[in-house]
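Summary of structural features
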Amino acid sequence: MDAMGERKEHRQGSAAALSGRRLADMTKLVPSFFGFAFVRAWDDLAFSRFAALFPDTPWLGQDIVSLGMLPVFLLVVLAARRLAPLYRRPVLVIGAPLMMVAAVVFYELSLGLPDGAQAALVLSALLAGAGAALSILQWAELQSCLNSLQIVLYVSGSFFLGSLLGWMALDAGPERMAVILLLLPVLSLFCLKAAFAKIAPADLPKSDWGAVRFPWKLVIVLGVYEFAMGVTQGGTSFGADAPVLGVLAASAVLFCLAFFFSHRFDFTRIYRTPFVLMVCGLLAALLSFSASSAVANVLVSTGYALMFLLLTMLLCDISHRYGVSAALLCSIEELVMFTGVGGHLVAQPAVRAAVPLLQDGTVLSISLAVLVVIASMVLLSEREYSRWGASFFGVGSRDSEADVRAAFVERCDELALQHRLSPREKEVFQLIAEGKSPSEIEGELYIASGTLKSHTRRIYQKFDVHSRGELVALLQENKG
């Protein structure tokens, strides 16, 4: 019993030490938490503010802000190789908060205009969307500089903090609201610069990358999810607080799981498999058809927020592993949100009255449910588990061998699969192949020295080698 007690105490001490080291490591990039949280809070407040301009159609104001984001995302998708990385372009870095501040100033001035105020407010909403979109993409570039576990912690933590700040500020008076909206973009800019200054040069976003194809299948699936959710959100019974509560719940769960339990299992598997993303999107979309209470609305929003968070983490992880532009990947993801705008319009009484097929709510719900189920099966069509997600974009495939980083990751994945490495062993193997020292691997994966030695020993056994040098040599032999 004494020996068992000692082992239990040792495990608890190791877990506590790892949590302490994880917390210390996270403090190095505190600006990442607060900077992106400021942008998230600004977005929530701006959406709420413009939605209030159209009380009879609560989603119309938010949709106008979303439409303001569209040109930015389209521009980055079409010209990513010329624009990315965005953080290196001072005009874009400063332009994002300037547009957000200008939108607030324009909004305040528009309120004093007796004639033409509606048009001026719409222009203000479009400007707010453009500034917010550009800022979001710059923060996506920053998050792609982090390792897999850090991406989970920083993205979920920032979403939680941002939603909480925005929710708390909703009751502020008009004057205080204006001051808050003016300050948040400026504070976010300073945080962005401070965060990038702390990133190691080797981890900064790349200016070039291999071939990338447009992920039509992924876009279709996500578009169906967004449209189904948009129909529910556009209804009058959908509470305004439900989306915020959903984000708070989903981000809190992800952060706590990653922070306290990542030493027990490979947490990154949660977004590197199609099943979790598919289940989150499928449940959120299907539950939305029967959402008729506040609790149901929160559950729908939580499922949708969880899917969005996991997808964001997946794209940042793909960017980090393969060197592809995070701004490009996230712009493609964000383009899908505009199918949700279509769902909001379908839910409007005037549109339903004009289209006979939309007048029967039961027929519409059944049709959408069938479409959602069929679309979800597409996520299982990419069978390459080691590169799931990346295969949708064509990165790391043989068509992009010019990208040295992608080819390297592919070789590591193939060897790991061939020698039946566990997910954690695969990550250790890749870091060893990259030439990382034991201390660097321990810090990046948040594992103890003894755990690393145990993983390394099993890797050597599976590869039938006896040293790090032999392992790297084996990888070199398999370049072809």
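All values reported here derive from a predicted model rather than from experimental measurement.

**Digging into the side chain of S188**
The residue S188 is located in helix 7 (residues 174-197) in this model. Note on S188: relative accessible area 3%, which makes it buried. When neighbours within four sequence positions are excluded, S188 is seen to be in contact with G35, F38, V39, S135 and W139.

**A word on a nonpolar patch on the surface**
On the surface, V279, L283, L287, V295 and L299 cluster together into a nonpolar patch covering about 440 Å² of accessible area. The set of elements that each furnish at least two residues to the nonpolar patch consists of helix 10 (274-288) and helix 11 (294-322). Ranked by the residues each element gives to the nonpolar patch, the list is headed by helix 10, at 3 residues. Relative to the elements of secondary structure, V295 occurs in helix 11. Among the residues examined, V295 registers a relative accessible area of 58% and is labelled exposed.

**Considerations on the pattern of salt bridges**
All told, the structure shown has 3 salt bridges when counted by the stated rule. Residue R49 pairs with E108 through a salt bridge whose shortest N-O separation is 2.3 Å. In this pair, R49 sits in helix 2 (residues 30-51) while E108 sits in helix 4 (residues 90-110), placing the two residues 59 residues apart along the sequence. Classification of E108 as partly exposed rests on a relative accessible area of 32%. The salt bridge involving K462 is made with E425; its shortest N-O contact spans 2.7 Å. In this pair, K462 is assigned in helix 20 (residues 449-463) and E425 in helix 18 (residues 423-433), connecting sequence segments 37 residues apart. With a relative accessible area of 3%, E425 lands in the buried category. Beyond isolated ion pairs, a larger network of salt bridges with shared partners links E425, R458 and K462.

**Considering the packing of aromatic side chains**
For the coordinates displayed, the defined rule picks out 8 aromatic pairs. Where F159 meets F308, the ring centres are 6.0 Å apart and the plane angle is 65°; that geometry is what we call edge-to-face. Of this pair, F159 sits in helix 6 (residues 148-169) while F308 sits in helix 11; the two residues are 149 residues apart in sequence, bridging distant segments of the chain. Ring-pair connections join several aromatic residues into one group, and the members of that group are F36, W139, F159 and F308.

**Re empty space enclosed by the protein**
Taken as a whole and assessed by the stated rule, the structure comprises 4 cavities of 30 Å³ or more. Approximately 60 Å³ is the volume attributed to the second largest cavity. Every residue along the wall of the second largest cavity is listed here: V39, V93, P97, M100, S135, Q138, W139, P185, S188, L189 and L192. When residues of the lining of the second largest cavity are traced back to their parent elements, those giving at least two are helix 4, helix 5 (117-143) and helix 7. With 4 residues, helix 7 is the largest single contributor of residues to the lining of the second largest cavity. Residues that form the lining of the second largest cavity fall into these classes: 8 nonpolar, 3 polar and no charged.

**Quick look at the nonpolar core**
If you look at the biggest cluster of nonpolar residues, it comprises 110 residues, and the most contacted ones within it are W42 and Y225. Among the elements that make up this core, the one with the highest residue count is helix 11 (13 residues). Counting residues in hydrophobic clusters, the runner-up holds 18 residues, among them A416, F429, Y460 and V465.

**Things to note about the environment of Q430**
Among the secondary structure elements, Q430 is positioned in helix 18. The sequence separation of Q430 and C412 amounts to 18 residues, and the corresponding C-alpha distance is 6.1 Å.

**Thoughts on unusual backbone geometry**
Excluding glycine, residues mostly have negative phi values, and the peptide bonds linking residues are mostly trans. Between A84 and the following residue, P85, the backbone shows a cis peptide bond with an omega angle of -5°. Tracing the chain through its elements places P85 in the loop between helix 3 (60-83) and helix 4. Even without glycine at this site, R420 takes up a positive phi of about 55°. Classification of R420 as exposed rests on a relative accessible area of 72%. Even without a glycine there, the phi angle at D464 is positive, about 60°.

**Considerations on the confidence of the model for the protein**
Across the protein, pLDDT averages 78, with 76% of residues at or above 70. Note that pLDDT drops below 50 for residues 1-14; the model gives that stretch 0 contacts with residues more than four away or on any other chain. Predicted confidence for residues 398-402 stays below pLDDT 50, and this span has 8 contacts to residues more than four positions away or in other chains.

**Quick notes on helix 12 (residues 326-335)**
Within helix 12, 10 of the 10 residues are buried, which leaves it mostly tucked inside the rest of the structure. If you check which residues of helix 12 are buried, you get A326, A327, L328, L329, C330, S331, I332, E333, E334 and L335. The elements touched by buried residues of helix 12 are helix 3, helix 5, helix 8 (216-233), helix 11, helix 13 (338-346) and helix 16 (390-393).

**Concerning the packing of helix 8 against helix 11**
It is at 12 Å that the axes of helix 8 and helix 11 come closest, and there the two elements cross at 150°. It follows that helix 8 is roughly antiparallel to helix 11 by the angle criterion. Relative to helix 11, helix 8 is oriented so that their crossing is left-handed. When helix 8 is examined against helix 11, the residues L222, Y225, E226 and M229 are found in contact with a partner set consisting of V300, Y304, M307 and L311. Class assignment of the residues belonging to the contact of helix 8 with helix 11 gives a composition of 7 nonpolar, no polar and 1 charged.

**Observations regarding the side chain of S135**
Position of S135 among the secondary structure elements: in helix 5. Residue class for S135 comes out buried when judged on its relative accessible area of 6%.

**Here we look at helix 4**
Spanning 21 residues, helix 4 covers 29 Å between terminal C-alpha atoms, matching the ideal 30 Å at 1.5 Å per step. Roughly 25° is the biggest bend found in helix 4, and it falls at A96, with proline P97 one to four residues downstream. The secondary structure elements touched by the buried residues of helix 4 are helix 2, helix 5 and helix 7.

Cut-offs and rules
Residues numbered from 1 in each chain as written. Predicted model: local features only at pLDDT ≥ 70, side-chain atom pairs only at ≥ 80, totals over all residues. Heavy atoms only, no water. Helix = DSSP H or I, 4+ residues; strand = E, 2+ residues; numbered from the N terminus. Buried < 20%, exposed > 50% of the residue type's maximum accessible area, 1.4 Å probe, protein only. Contact = heavy atoms within 4.5 Å. Patch = residues over 30% accessible without salt bridge, like charges linked within 9 Å, V, L, I, M, F, W, Y side chains within 5 Å. Areas by Shrake-Rupley, 256 points an atom, 1.4 Å probe, with all protein chains shown as cover. Salt bridge = Lys/Arg side-chain N within 4 Å of Asp/Glu carboxyl O. Phe/Tyr/Trp six-rings, centres within 6.5 Å; stacked < 30°, edge-to-face > 60°. 1 Å grid on protein atoms, 1.4 Å probe; cavity = no way out; pocket = protein on both sides within 12 Å on 5 of 7 lines; lining within 4 Å. Points joined across faces, edges and corners; volume = space filled by probe spheres on them. Nonpolar A, V, L, I, M, F, W, Y, C, P; charged D, E, K, R; others polar. Core = buried A, V, L, I, M, F, W, Y, C linked by side-chain atoms within 4.5 Å. pLDDT = per-residue confidence, 0-100. Axes fitted to C-alpha atoms, helices over the stretch in contact; angles between N-to-C directions. Parallel < 35°, antiparallel > 145°, perpendicular 65-115°, else oblique. Left-handed = near helix turned anticlockwise from the far one by under 90°. Expected span 1.5 Å × (residues − 1). Bend = angle between axes of the 7 residues up to and from the residue.

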